[in-house]
Amino acid sequence: MERLRRLLCCFLIVSFLLHPSMNMKLAAASAVKLDTTDVEEFLDTVIARQMEEFHIPNMTVSVVSGGEVIFAKGYGYADYETKMPVDPEKTLFRIGSTSKLFTWTAIMQLVEEGRLDLDTDINEYLDFEIPNTLEYQRGDSQTAPITIRHLMSHTPGFEDYMTDVFSISDDSLIPLSQYVREHRPKRVFVPGEVTAYSNYGTNLAGYIVEVVSGVPFAQYIEENIYKQLGMENSTFSQPLPIRLADQVSIPYRYVNSELLQAEVEFFSEPAGSMYSSALDMAKFMLAYLQGGHDEGEIILKEDTIQKMFSEVDTQHPRLKGMAHGFIRASFNGNDIFHHPGGTMLYDTAFYLMPEEEVGFFISHSGGSYFVNVSIFEAFMDRYFPSEEVAVPAPLPTVNMEQRSKQFVGEYYQNRRSFTTDDAILSLMIGVIRVNVDDEGYLLVNHLGETNRFVEVEPGIYYNASEERSSDYGGDFSTIVFGTDSHGKTMLMTDGPMSYSKADWYESSGFTFLMLISSLLFIIASLLYWGIRALVRKIRGKHVLEVTKGSRWAKRVAVIQGVLTFTFLVTFLANGQPDPVYGFPKSAFTDPSPFSAFLDIIVSYGIVLVTGAVLAFSVVSWVKGYWKLAGRVHYTMFAIFSAVLSWIFYFWNLL
């Protein structure tokens, strides 16, 4: 039940937050010559406006073009207490999932050396075994092995977890070898069939680097990437090395007209623990834009870089898919290879345009990923504008409205848990709701915005809205409908995400209606019985139950009411979000022993007592307990208790 409270709290706050291959010339002449002074003046203006509007405390940015760094600057203070400004060379920002690009670079280095193969079963490289079975709905049925190519394209088929990802205590740190063993998620999709962003998949790739190279992951990156590129202000290590500890930008959140300081976050290394500076990331960008080398030092061969920019997987030919670790996208008609990164406090974006020899890096604390997107889009509109593209005409057939109606419903992201109590978060985070208008256009609501889509081919819809919503790493310019591994209708779009249609009984509307109704009815019944008993006592009336059985039936119902009331009270008490992190503290700290004990008592107590209440509801009709209204009330009480227990069971909350 403690877990349910934590997950429902997330709902209150959130409502936390891409098949053809490509060949491109890495040394193509830049179509636009970026002027250093103009870039600085323009970005200063755009960034100042964004920082003021969204109260961003600190930010760092770097831009490379034509083989050199043309812009690198820090904004705000790395430390507001000492008024230490952000230094683009030395100030470190946590870059979150942008760290994954370094993990994939390490993988490709070992591929170059012949020590790894992208299409070999990963069990050949691990010192423990990933079972080649599906562990959800199919009863441990055999399936194809996972390969590194699956890991790079986010198609290994693992479920994903969204709670307990971050921690603010270094006590949570465990060796990578222990993490990949003890935190392995279930395999829920056939490898290669469904794109579902996977942090564990990247952590597994990082561990493969560690096993094959024979050195710890963070040390491998230090020796084989940082040193070659002169990246002296970067690290994956947790806690931070002493030499870098004083260079970190302190993360802040603007709350009630003041900046509140946060503590350091900890999480698994290969998927997102890296700190870096703007100039260090500029060196990394230059290496990729110059065929794998910077100032003579080579981290990858040029043909390997070509391969990194080639598409490894796409959900549909009409969609931008995954390159080898990079997310493919298109901005103003330009091919972009990028990777965002976010933690509870830091947000980062990394963009490469190989054909233009341009790279753009930005990171800040206390804001959101969409601030980075807005600044980059302004940069693109200024220097790489595009002509307006006409919206395609609808598919020239009749009954578009009828065809579109089959896609109406609620879609949950496949980057989610299916087998743990995290599953209920699918009702709250990243949900897409699809409706249809009178003309047959789809109305797709995502992240609070509704976009209008026109059918251009059967099952393929183009975004006809002037302003398009975006997803983590993707742009909702085109959506394609298909079928996932479990036979559900699947909505696919650009980027490493896909969404599957929810059945009616697992929709958020039905689930929350039943949950709220159950809580209200049970607790209202408890209050009614209590008030009635109090009134009778005041009046001096003592009404005894007719039989011993009826007395026990009422007592069991009261116990159920008390347990449910206890759940609601503790939920509300623990539901206050931390003003800095934006989540209840229980989302990123371990519960107290008492809270954990109460969780067990309340959750299992409600389910066990439900059985007794159901039994007594039947007996009440057989033996004629109470008047008719009393038996109906008790039966409804039992039904709502059963509904509450079903919710706990269905969403893995026990």
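Going by the structure above, here's the rest.
The structure reproduced in this document is the subject of the present report. (Residues numbered from 1 in each chain as written. Predicted model: local features only at pLDDT ≥ 70, side-chain atom pairs only at ≥ 80, totals over all residues. Heavy atoms only, no water.)

A few words now on the sheet that holds strand S21 (residues 442–446). Within the closed barrel, the eight strands sit side by side as S19-S20-S21-S22-S23-S26-S27-S28. Their pairing is antiparallel. Here the strands of the sheet are splayed against their neighbours by 30° on average, with no regard to which way each runs. Looking at chain direction, strand S20 (residues 432–436) and S21 are connected through five bridges and run antiparallel. Within S21, the position partnered with Ile432 by the bridge is His446. (Pairing = 2+ DSSP bridges. Helix = DSSP H or I, 4+ residues; strand = E, 2+ residues; numbered from the N terminus. Axes fitted to C-alpha atoms, helices over the stretch in contact; angles between N-to-C directions.)

Okay, the packing of helix H3 (residues 100–112) against helix H6 (residues 199–213) next. Axis separation between H3 and H6 bottoms out at 10 Å; the angle between their running directions is 40°. What the angle tells us is that H3 and H6 run oblique. The way H3 lies across H6 gives a crossing that is left-handed. Every residue of H6 that contacts H3 at Lys100, Thr103, Trp104, Ala106, Ile107 and Leu110 is listed here: Asn199, Gly201, Thr202, Ala205, Gly206, Val209 and Val212. Grouping the amino acids of the contact of H3 with H6 by side-chain chemistry returns seven nonpolar, five polar and one charged. (Parallel < 35°, antiparallel > 145°, perpendicular 65-115°, else oblique. Left-handed = near helix turned anticlockwise from the far one by under 90°. Contact = heavy atoms within 4.5 Å. Nonpolar A, V, L, I, M, F, W, Y, C, P; charged D, E, K, R; others polar.)

Turning next to H3. Over its 13 residues, H3 extends 18 Å from the first C-alpha to the last, a length consistent with the 18 Å expected when each residue adds 1.5 Å. By the criterion of burial, H3 is predominantly enclosed, with 11 of the 13 residues buried. Turning to H3, its buried residues are Lys100, Leu101, Phe102, Thr103, Trp104, Thr105, Ala106, Ile107, Met108, Gln109 and Leu110. Gly114 sits one or two positions beyond H3 and adopts a positive phi of about 80°. (Expected span 1.5 Å × (residues − 1). Buried < 20%, exposed > 50% of the residue type's maximum accessible area, 1.4 Å probe, protein only.)

Take the environment of Lys33 next. Take Lys33: it is sitting in the loop between helix H1 (2–14) and helix H2 (36–54). Taking the C-alpha atoms as reference, Lys33 lies 8.1 Å from Gly66; in sequence the two are 33 residues apart.

Turning next to the pattern of salt bridges. Taken as a whole and judged by the stated rule, the model has 18 salt bridges. A salt bridge links Arg382 to Asp38; its shortest N-O distance comes to 2.8 Å. Taken together, the residues span a long stretch of sequence, with Arg382 in helix H12 (residues 369–383) and Asp38 in helix H2 at a distance of 344 residues. Between Arg415 and Asp160 there is a salt bridge; the shortest N-O distance is 2.9 Å. Here the residue Arg415 occupies a position in the loop between strand S19 (409–413) and S20, and Asp160 occupies one in the loop between helix H4 (148–152) and helix H5 (176–182), the gap between them amounting to 255 residues. Like Asp160, Arg415 is buried. What emerges from the salt-bridge pattern is a single network uniting Glu40, Asp44 and Lys73. (Salt bridge = Lys/Arg side-chain N within 4 Å of Asp/Glu carboxyl O.)

Looking at the element boundaries, Phe42 is found in helix H2. Here Phe42 falls in the buried class, since its relative accessible area comes to 16%. With 337 residues separating them in the primary sequence, Phe42 and Phe379 have C-alpha atoms 8.2 Å apart.

Here we come to a nonpolar patch on the surface. Taken together, the side chains of Trp504, Tyr505, Ile600, Tyr604, Leu608, Trp646, Tyr649 and Leu654 make up a nonpolar region of the molecular surface, amounting to roughly 920 Å² of accessible area. Broken down by element, the nonpolar patch gets its largest block of residues, three residues, from helix H16 (residues 593–623). You can see Ile600 is positioned in helix H16. Residue Ile600 is classed as partly exposed on the basis of its relative accessible area of 49%. (Patch = residues over 30% accessible without salt bridge, like charges linked within 9 Å, V, L, I, M, F, W, Y side chains within 5 Å. Areas by Shrake-Rupley, 256 points an atom, 1.4 Å probe, with all protein chains shown as cover.)

Here the focus is the nonpolar core. Phe102, Ile107, Leu204, Phe284 and Phe326 are the most contacted members of the largest nonpolar core, which has 60 residues in total. Elements supplying a minimum of two residues to this core: H3, H4, H5, H6, helix H7 (217–229), helix H10 (278–289), helix H11 (302–308) and strand S17 (346–353). Counting residues per element, this core draws most heavily on H10, which supplies nine residues. For Phe102, the contacting residues outside a window of four places in its chain are Ile95, Ile221, Ile225, Tyr226, Met231, Phe236, Met274, Met281 and Phe284. Core analysis: the next-biggest nonpolar cluster, separate from the first, contains 38 residues, Tyr412, Phe512, Phe567 and Phe640 among them. (Core = buried A, V, L, I, M, F, W, Y, C linked by side-chain atoms within 4.5 Å.)

Turning our attention to H10. Taking 1.5 Å of rise per residue, the 12 residues of H10 would be expected to cover 16 Å, and the 16 Å separating its terminal C-alpha atoms lies within 8% of that figure. Burial runs high along H10: 10 of the 12 residues are buried. Those residues of H10 that fall on the buried side of the exposure criterion are Ala278, Asp280, Met281, Ala282, Phe284, Met285, Leu286, Ala287, Tyr288 and Leu289. Downstream of H10 by a residue or two, Gly291 has a phi angle that is positive, lying close to 70°.

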